[in-house]
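So you can see what is in the structure, the chains are spelled out below.
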Amino acid sequence: MSVPVPAPRIRAFESLGFGMFIHWGLYSQLGRGEWVRHFERIPLETYDRLQTTFTASRFDADAIARLAKEAGCRYITLTTRHHEGFSLYDTKGLNTFDAPHSPAGRDLVREYVEACRRHGLVPFFYHTTLDWHHPDYDRDFRSYLKYLRESVKILCTEYGPIGGLWFDGNWSKPEGTDWEEDELYALIRRYQPEAMIINNTGTIARGKLGHPEIDSTTFEQGRPEPMDREGMPKYVAAEMCETLNDHWGIGNLDCNYKSLGRLIENLCACRKVGANYLLNVGPDGEGAVVPMQQELMRGIGVWIDAVGRDPVYLGRPCGVHGLDDPKDFALKEEGGNRIWFFIHDLPAPGDGTVSRSFDGISGTVHDLHWTDNGECLSAFQSGGRTTLTLTRYPYGTSLVVRVAEGILIGGGTRA
Ligand code: GLC
């Protein structure tokens, strides 16, 4: 048995590495998360009135794309329609529950796609499959699925090439429900042959493989586990999505933000197993990203700029593990001979050295240095162990995770 070779679109997706998720819809006006209608049992007529106050007056797609760039993201996944059933795009007459029929009066998905293109970001579309608004979802499921496909066809034909479709909601009906996935995915392959197809398996079934057309597993709000691809019929990527606090859609009173240090560690934990990190922002009711969320995203960009983009995007898991600190790991350059050691928990700034050992390297490590300041370091190799002699942070610095780069000559790594 062997590990299958990834299709080019799947390989390209893995190199995107870090993306920005955006949860935005009518619910954002209430500021209590995207499940507010469900949890507060808001009657449909009351909830639907949110369409009449949806102005998108502060939705600036260009500013969002710039923020994603500053954060070091290479793609964005926007909720084009969430469980509430409201579309941020023009549904072309499928119904009037869309942004063009709100006071916003604009196709917000078009603005988003154009902004992504201007800034070299790959646009992805989140699309719900669970629908609280469409009467046929409960009444006539086959007819609802037709509506879903017609909606997806619009997304696949109106906005030029997209990175992929990210579905969510199949977990809402009992196992074994026929979602007519064959038809849905055939439609995408026909109109967007290079698009990734993702269908979230939810918080319970993290990392589960779904339909054979699915190109990436999802790890919602979790730690991504290494994928065992031995003997798989097809190489499937992995992506972990996570909230900055405890909500996807904005929670005005959700103060439980993760620290910047933890977000940096989570990005590293994803790359450690070759997974992408999709980190969510939830703009407010008018479409603006609140300052706290902006700053956390920008903070990650500061870290990526400091350690360098190559380790984050080009590094691939290579079976090298830290023996002193279990969080430590190494990534090898795809198609090259650089090796990057991701070092956690270095002591505070000061003099003195720290040593960290790794297993799994058979070649020799040369030219070792910190990527952030270029300082030379040394490596000692014996008995299958590679021990790095590292310096502490220079005064004025504490990067949470620091990266040492070396050149690997002869031999290689375990994977
Ligand atoms: C869950 C939630 C949904 C959210 C998604 C993001 O499936 O139902 O609100 O969009 O996770 O991963």
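Above: the structure in question.
In short, a report on the structure. (Residues numbered from 1 in each chain as written. Predicted model: local features only at pLDDT ≥ 70, side-chain atom pairs only at ≥ 80, totals over all residues. Heavy atoms only, no water.)

**Considerations on the overall build of the protein chain**
As a reminder of what qualifies: Secondary structure elements are taken from DSSP: a helix is a run of H or I of four residues or more, a strand is a run of E of two residues or more, and numbering for both begins at the N terminus. Radius of gyration: C-alpha atoms only; globule rule: 2.2 Å multiplied by the number of residues to the exponent 0.38. Burial here depends on accessible area, computed with a 1.4 Å probe over protein chains only, as a share of the maximum for the residue type. Under 20% is buried, over 50% is exposed, and the range in between is partly exposed.
Helix and strand counts for the protein chain come out as eleven helices and 16 strands. The C-alpha atoms of the protein chain give a radius of gyration of 23 Å, which matches the 22 Å a tight globule of 415 residues would have. Its C-alpha atoms put the protein chain at 70 × 50 × 35 Å along the principal axes. Put simply, the protein chain has 415 residues, and 58% of those count as buried.

**Thoughts on helix 8 (residues 181-191)**
The condition is simple: Residue contacts are counted whenever heavy atoms from the two residues lie within 4.5 Å of one another.
Restricting attention to buried positions, one finds in helix 8 the residues Leu184, Tyr185, Leu187, Ile188 and Arg189. Looking at the buried side of helix 8, the elements it contacts are helix 1 (8-16), helix 7 (141-158), strand 4 (164-168) and strand 5 (196-200).

**Digging into the side chain of Lys258**
Applied cut-off: Think of a polar contact as two N or O atoms within 3.5 Å of one another; within protein, one of them needs to be a possible hydrogen donor and the other a possible acceptor, and neighboring residues in sequence only count if both atoms come from side chains.
In this fold, Lys258 is placed in the loop between strand 7 (237-243) and helix 9 (260-272). A polar atom in the side chain of Lys258 sits 3.2 Å from the backbone oxygen of Asn245. Discounting residues that sit within four places of it in the chain, Lys258 has contacts with Glu242, Thr243, Leu244, Asn245, Leu263, Asn266 and Leu296.

**A closer look at the pattern of salt bridges**
Cut-off, in case you're wondering: Salt bridge, as applied in this entry: a Lys or Arg side-chain nitrogen positioned within 4 Å of an Asp or Glu carboxyl oxygen.
Counted under the stated rule, the structure contains 28 salt bridges. The salt bridge partner of Glu70 is Arg298, with a shortest N-O separation of 2.8 Å. Residue Glu70 is located in helix 4 (residues 61-71), and its partner Arg298 is located in helix 10 (residues 291-307); the two are separated by 228 residues in the primary sequence. Given the relative accessible area of 40%, Glu70 is considered partly exposed. One salt bridge in this structure joins Arg189 and Asp215, with 3.2 Å as the shortest N-O distance. A residue pair is termed long-range when its members are at least 10 positions apart, and Arg189 in helix 8 and Asp215 in the loop between strand 5 and strand 6 (216-220) qualify at 26 residues. Here Arg189 matches Asp215 in class, with each residue buried. Within this structure, Arg9, Arg189, Glu213, Asp215 and Lys234 form a network of salt bridges that share partners.

**Some words on the packing of helix 7 against helix 8**
Spelled out, the test is: Under this scheme, a helix contributes an axis fitted over its contacting stretch, all axes are lines through C-alpha atoms, and angles between N-to-C directions fall in the 0 to 180 degree range. Here is the rule for angles: anything less than 35 degrees is roughly parallel, anything more than 145 is roughly antiparallel, 65 through 115 is roughly perpendicular, and the remaining ranges are oblique. For any helix crossing, the convention is left-handed if the near helix is rotated counterclockwise from the far helix by under a right angle, and right-handed if that rotation is clockwise. Each residue is assigned to one class: nonpolar for Ala, Val, Leu, Ile, Met, Phe, Trp, Tyr, Cys and Pro, charged for Asp, Glu, Lys and Arg, and polar for all the others, Gly among them.
Between helix 7 and helix 8, whose axes approach to 10 Å, the crossing angle comes to 15°. It follows from the interaxial angle that helix 7 and helix 8 lie roughly parallel. Handedness of the crossing formed by helix 7 with helix 8: right-handed. Side by side, helix 7 and helix 8 meet where Arg149, Val152, Lys153, Cys156 and Thr157 of the first sit next to Glu183, Leu184, Leu187, Ile188 and Tyr191 of the second. Across the contact of helix 7 with helix 8, the residue classes break down as six nonpolar, one polar and three charged.

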